[in-house]
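Structural overview for review
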Amino acid sequence: MTTEATRRVALVFSLFDANANGVLESDDFDLMADRVVHEAHASDQAAKDAMRAAFRRYWTTLLTELDANGDGEISFEEFTACVLSPERFDETIGVFAEALAALGDPDGDGLIERPLFMALMTAIGFEPANIDALFDAFEPTDGDRIRVETWVAGIKDYYAPGKAGIPGDHLVVGTPV
């Protein structure tokens, strides 16, 4: 596992711990889903429902894979063990990536514009300067847009334990983790 992957996972854990109590719980994922869906003004209900379902699946996967003592909470150590094990988490990340990218493309043209990308990523909790750097690393086209497939691949790469020097590393620059 790379240092970059560890930093990426630490950051995402801190963002998903919406109530900042040091563990992940079901309510954290509901709150995060509400924040993200709230920013998807132009998306249809099906896309919003898919995003909520993806957050729910994310939580369910963590709970199923890791909550051995049945307390309904996931610690940072448990979280790291799961998300950095591709065989346990790839499918869930894929569903999450597709749902988030779909919210970013409400008109279905296959392109995501910077303002909506910024809004969705800010709702998750990433820092604006880091979001801008990530968007730029995705090499936007004329019109300041990125391809849906580029974002989906970037989300999947974010959770890959062996990857370093990827666009997603921009999200942890200057962020205490």
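Before reading further, recall that the structure is shown in the block above.
Just so it is clear, the structure is predicted and the values come from calculations on it, not from any experiment.

The subject of this paragraph is the pattern of salt bridges. A side chain of one charge can pair with a side chain of the opposite charge if their charged atoms are brought near each other. Evaluated as defined, the whole model comprises ten salt bridges. The partner of Asp-169 in a salt bridge is Arg-8, and the shortest N-O contact between them spans 2.5 Å. Placement of Asp-169 in the segment after helix 8 (148–158) and of Arg-8 in helix 1 (residues 3–16) is noted, with a sequence separation of 161 residues between them. Here Asp-169 falls in the buried class, since its relative accessible area comes to 12%. Here Arg-8 falls in the buried class, since its relative accessible area comes to 0%. Residue Asp-132 is joined to Arg-114 by a salt bridge in which the shortest nitrogen-to-oxygen separation is 2.9 Å. Of this pair, Asp-132 sits in helix 7 (residues 128–137) while Arg-114 sits in helix 6 (residues 114–124), and the two are 18 residues apart along the sequence. Accessibility expressed as a relative area gives 15% for Arg-114, which makes it buried. In this structure, a network of salt bridges that share partners links the residues Arg-114, Asp-132, Asp-136 and Asp-144.

With that settled, consider the packing of aromatic side chains. Scanning all chains against the criterion turns up 17 aromatic pairs. Their ring planes at 80 degrees and their centres at 6.1 Å tell us that Phe-16 and Phe-55 sit as a pair that is edge-to-face. Here Phe-16, found in helix 1, pairs with Phe-55, found in helix 3 (residues 45–66); they are 39 residues apart in sequence, far enough to count as distant. Since its relative accessible area comes to 1%, Phe-16 is described here as buried. Relative accessible area serves as the criterion here: at 1%, Phe-55 is assigned to the buried category. Taken together, Phe-16, Phe-29, Phe-55, Tyr-58, Trp-59, Phe-89, Phe-96, Phe-126, Tyr-158 and Tyr-159 form an aromatic cluster joined through their ring pairs.

The rules we used
Residues numbered from 1 in each chain as written. Predicted model: local features only at pLDDT ≥ 70, side-chain atom pairs only at ≥ 80, totals over all residues. Heavy atoms only, no water. Salt bridge = Lys/Arg side-chain N within 4 Å of Asp/Glu carboxyl O. Helix = DSSP H or I, 4+ residues; strand = E, 2+ residues; numbered from the N terminus. Buried < 20%, exposed > 50% of the residue type's maximum accessible area, 1.4 Å probe, protein only. Phe/Tyr/Trp six-rings, centres within 6.5 Å; stacked < 30°, edge-to-face > 60°.

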